[in-house]
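Fold and contact review
Each chain, letter by letter, is given below.
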Amino acid sequence: MNIGNALRHLERLSEAIAALSSSVETDPKYAPARFNLGALLADRGDLSGAERELLKAIEIDPYIVEPSIVLADIYEAQSRFGEAETQFRRALTIAPDHAGTLLNFGVFCFRQGRIGDAITWYKRATSVDPGLTDAASTLLFATNFREQLNAET
């Protein structure tokens, strides 16, 4: 798996897929390898292959958070919004203070026009990780879209 991740970092993506696939074949029950393969397949645009690997990672390890975040992005890209939200909520059930999930769920809500929900998730993300500048910046941006925005706010 580490070789696959190193190859991915070097942008040798075909080789990375081969290495991660080999890792999965060697140990089919190793959820992190399936997650890494699924995330790479998603980046390469193979959404069905990515979904298969990510769901398998969750099946193997129901307490792994990261596959749900990537699945949520895949489902949103496919306009499967209910399934995307389900994956975000699944991740937050497992790790309620996972700053990346909080931020990404906020972005998802913002794209859905749910500005109040987005702001809530951004605030939670910044309270969990005050150094998460993406959340603070996105919170400030989203605040501009609130219907009742006064000068003080």
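Everything that follows concerns the structure shown earlier in this document.
Let me begin by describing the structure that accompanies this report. (Residues numbered from 1 in each chain as written. Predicted model: local features only at pLDDT ≥ 70, side-chain atom pairs only at ≥ 80, totals over all residues. Heavy atoms only, no water.)

**Structural notes on the nonpolar core**
- Counting residues in hydrophobic clusters, the biggest one holds 37 residues, and the most contacted among them are Leu54, Ile74 and Phe105.
- Elements with a minimum of two residues in this core: α2 (13-26), α3 (31-43), α4 (47-60), α5 (66-77), α6 (81-94), α7 (99-111) and α8 (115-128).
- No other element matches α3, which puts 8 residues into this core.
- If we skip the residues at most four places from it in the chain, Phe105 touches Glu85, Phe88, Arg89, Leu92 and Trp121. (Core = buried A, V, L, I, M, F, W, Y, C linked by side-chain atoms within 4.5 Å. Buried < 20%, exposed > 50% of the residue type's maximum accessible area, 1.4 Å probe, protein only. Helix = DSSP H or I, 4+ residues; strand = E, 2+ residues; numbered from the N terminus. Contact = heavy atoms within 4.5 Å.)

**Details of the pattern of salt bridges**
- In total, this model carries 9 salt bridges according to the counting rule given.
- The salt bridge partner of Glu53 is Arg52, with a shortest N-O separation of 3.7 Å.
- On the basis of relative accessibility, which here comes to 51%, the residue Arg52 falls in the exposed class.
- Linked by salt bridges that have partners in common, Glu85, Arg89, Arg114 and Asp117 make up one network. (Salt bridge = Lys/Arg side-chain N within 4 Å of Asp/Glu carboxyl O.)

**Considering α3**
- With 13 residues, α3 extends 18 Å between its outermost C-alpha atoms, agreeing within 8% with the 18 Å of an ideal straight helix rising 1.5 Å per residue.
- Among the 13 residues of α3, 11 are classified as buried, and the element is accordingly described as predominantly covered.
- Restricting attention to buried positions, one finds in α3 the residues Ala31, Ala33, Arg34, Phe35, Asn36, Leu37, Gly38, Ala39, Leu40, Leu41 and Ala42.
- Positioned one or two residues after α3, Gly45 has a phi angle of 95°, which is positive. (Expected span 1.5 Å × (residues − 1).)

**Brief notes about unusual backbone geometry**
- A positive phi angle is found at Ser79, which is not glycine, with a value near 60°.
- Structurally, Ser79 can be placed in the loop between α5 and α6.

**Some thoughts on the side chain of Arg34**
- Position of Arg34 relative to the elements: it lies in helix α3.
- Within the local environment of Arg34, its side chain forms a polar contact with the backbone oxygen of Pro28, the two atoms lying 3.0 Å apart.
- Among residues more than four places away in sequence, those in contact with Arg34 are Val24, Pro28, Glu53, Lys56, Ala57 and Ile60. (Polar contact = N/O pair within 3.5 Å; in protein donor to acceptor, adjacent residues only side chain to side chain.)

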